[in-house]
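Per-entry structural report
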Amino acid sequence: TQSTQPQRILGAVQKNATRGDPRSVVKAIDQYCRNKEWAMNVGDEKGCILDSVVSEVNPSTVLELGTYCGYSTVRIASLLPPNAKLFTLEFNPHNAVIARQVIAWAGVEDKVQLIEGASGDWIPKMKEHYGVKTFDLVFLDHWKDRYLPDTKLLEECGLLRKGSVLLADNVIFPGAPEYLEYIRGNQRYESCFFKSHLEYTKALDGLEKSVFLG
Ligand SMILES: C[C@H](C[C@H]1O[C@@H](n2cnc3c(N)ncnc32)[C@H](O)[C@@H]1O)NC(=O)c1cc(-c2ccc(F)cc2)cc(O)c1O
Ligand SMILES: [Mg+2]
């Protein structure tokens, strides 16, 4: 029977990456997606920008919206301090099943809580279900037209504090125009754009980093 793209990505990890070595998992996925089959991971070029923001923020509590196969989940988790926690939301059950295995192969499951469900449903429940106070870092990488409503939801639910950082993928390609317009025009955020390229291609893309000012 036919395999799915997430299954083929997991296969590449199990074949080429070392168990318990998150960076080898990241490298195996990048090599597979660059040489064999494009996939919508944040990728190596934008991934370096992600790494620098994670290292700068040094977050205790992270929210990732849109797990897919867990590439950026593993990339972020590999940089977190010992007791830090990364919550990642994925509503496609098949993608979640694969991501759990990629996260386990990397050996970062202790730092990661993968929640299978939609961001709109789960963001309002993070405080009561997981005892989250506020997020130090939010990585937006899910449906691009959900970036703005979910940012407003995070504000309304009191999940952002002075200094919380939002990092949004794909603000150029596929693009998140409403989100960019809102966040760049809002006095409560200080934003900057990191120009880059769509993963594994020469197409223009970039990440928008926004600090919540409270
Ligand atoms: C949206 C996907 C990523 C994942 O997000 C989950 N998801 C969604 N909405 C929710 C929610 N509301 N709650 C929880 N999970 C949620 C989903 O099931 C996918 O697994 N990402 C993309 O579509 C994406 C697409 C491209 C892309 C670029 C050029 C092209 F020609 C074609 C595609 C590049 C990227 O870098 C992406 O990131
Ligand atoms: Mg993306």
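Residues numbered from 1 in each chain as written. Chains lettered and ligands numbered in written order. Predicted model: local features only at pLDDT ≥ 70, side-chain atom pairs only at ≥ 80, totals over all residues. Heavy atoms only, no water.

A word on the pairing of strand β6 (residues 189–197). The pairing of β6 with strand β7 (residues 204–212) spans 9 bridges and is classified as antiparallel. Of the residues in β7, the one forming a bridge with Cys192 is Lys209. Connecting β6 to the next strand, β7, in antiparallel fashion are 6 residues, including Tyr200 with a positive phi near 65°. (Pairing = 2+ DSSP bridges. Helix = DSSP H or I, 4+ residues; strand = E, 2+ residues; numbered from the N terminus.)

Turning to the coordination of the magnesium ion (ligand 2), a few remarks are in order. Protein coordination at the magnesium ion (ligand 2): the donors are Asp141 (OD), Asp169 (OD) and Asn170 (OD1), at 2.0 to 2.2 Å from the metal. In the primary sequence, the donor residues of the magnesium ion (ligand 2) line up as D-x27-D-N. Highlighted residues: Asp141 in the loop between β4 (135–140) and α8 (147–156) and Asp169 in the loop between β5 (160–168) and α9 (171–175), separated in sequence by 28 residues. Each member of the pair, Asp141 as well as Asp169, is classed as buried. (Donors = N, O, S within 2.8 Å, 3.2 Å for Na, K, Ca; no water. Buried < 20%, exposed > 50% of the residue type's maximum accessible area, 1.4 Å probe, protein only.)

Attention now moves to a nonpolar patch on the surface. A contiguous nonpolar surface patch, about 340 Å² in accessible area, is contributed by Ile172, Phe173, Phe193 and Leu204. By secondary structure assignment, the location of Phe173 is in helix α9. (Patch = residues over 30% accessible without salt bridge, like charges linked within 9 Å, V, L, I, M, F, W, Y side chains within 5 Å. Areas by Shrake-Rupley, 256 points an atom, 1.4 Å probe, with all protein chains shown as cover. Salt bridge = Lys/Arg side-chain N within 4 Å of Asp/Glu carboxyl O.)

A few words now on the sheet that holds strand β1 (residues 61–65). Taken in spatial order, the 7 strands make up an open sheet running β3-β2-β1-β4-β5-β7-β6, and their pairing is mixed. Only two strands of the sheet have a single partner each, and these edge strands are β3 (112–116) and β6. Going across the sheet, the axis of each strand differs from the next one's by a mean of 15°, ignoring polarity. Sheet topology note: the strand β2 (residues 85–90)/β3 ladder contains 5 bridges and is parallel. Its bridge partner lying in β3, Leu89 is registered against Ile115. (Axes fitted to C-alpha atoms, helices over the stretch in contact; angles between N-to-C directions.)

Taken together, 22 residues form the shell around ligand 1, and within it Glu90, Asp141, Trp143, Asn170 and Glu199 come nearest. Asn170 places a side-chain nitrogen or oxygen 2.7 Å from an oxygen atom of ligand 1. Surface burial for ligand 1 is 85%, taken as the share of its 750 Å² of free accessible area covered by protein chains. Those elements that provide at least two residues to the shell around ligand 1 are β2 and α9. Each residue belonging to the shell around ligand 1 can be placed in one class, and the counts come to 10 nonpolar, 7 polar and 5 charged. (Near = heavy atom within 4 Å. Polar contact = N/O pair within 3.5 Å; in protein donor to acceptor, adjacent residues only side chain to side chain. Nonpolar A, V, L, I, M, F, W, Y, C, P; charged D, E, K, R; others polar.)

Another point: the nonpolar core. Ile9, Val25, Ile29, Val74 and Ile76 are the most contacted members of the largest nonpolar core, which has 43 residues in total. Only α1 (5–16), α2 (22–35), α3 (43–57), α4 (71–77), α5 (93–106), β3, β4 and β5 provide two or more residues apiece to this core. A total of 7 residues in this core trace back to one element, the largest contributor, which is α5. The residues touching Ile29, leaving out its near neighbours within four places in the chain, are Ile9, Val13, Asn41, Tyr71, Val102 and Tyr200. Formed by 27 residues, the second largest nonpolar core is a distinct cluster that contains Phe87, Ile115, Leu140 and Leu180. (Core = buried A, V, L, I, M, F, W, Y, C linked by side-chain atoms within 4.5 Å. Contact = heavy atoms within 4.5 Å.)

What follows is about α1. For α1, with 12 residues, the first-to-last C-alpha span of 16 Å sits near the 16 Å given by 1.5 Å per residue. Regarding α1, the residues found buried are Gln5, Pro6, Ile9, Leu10, Ala12 and Val13. Looking straight down α1, one finds its buried side chains confined to an arc of 155°; they lie on one side. (Expected span 1.5 Å × (residues − 1). Arc of directions from axis to C-beta.)

Here the amide bond leading from Phe173 into Pro174 is cis, since omega sits at 5°, within 30 degrees of zero. Note that Pro174 resides in helix α9. Even without glycine at this site, Tyr200 takes up a positive phi of about 65°. Here Tyr200 shows up in the loop between β6 and β7. For Tyr200, a relative accessible area of 12% puts it in the buried group.

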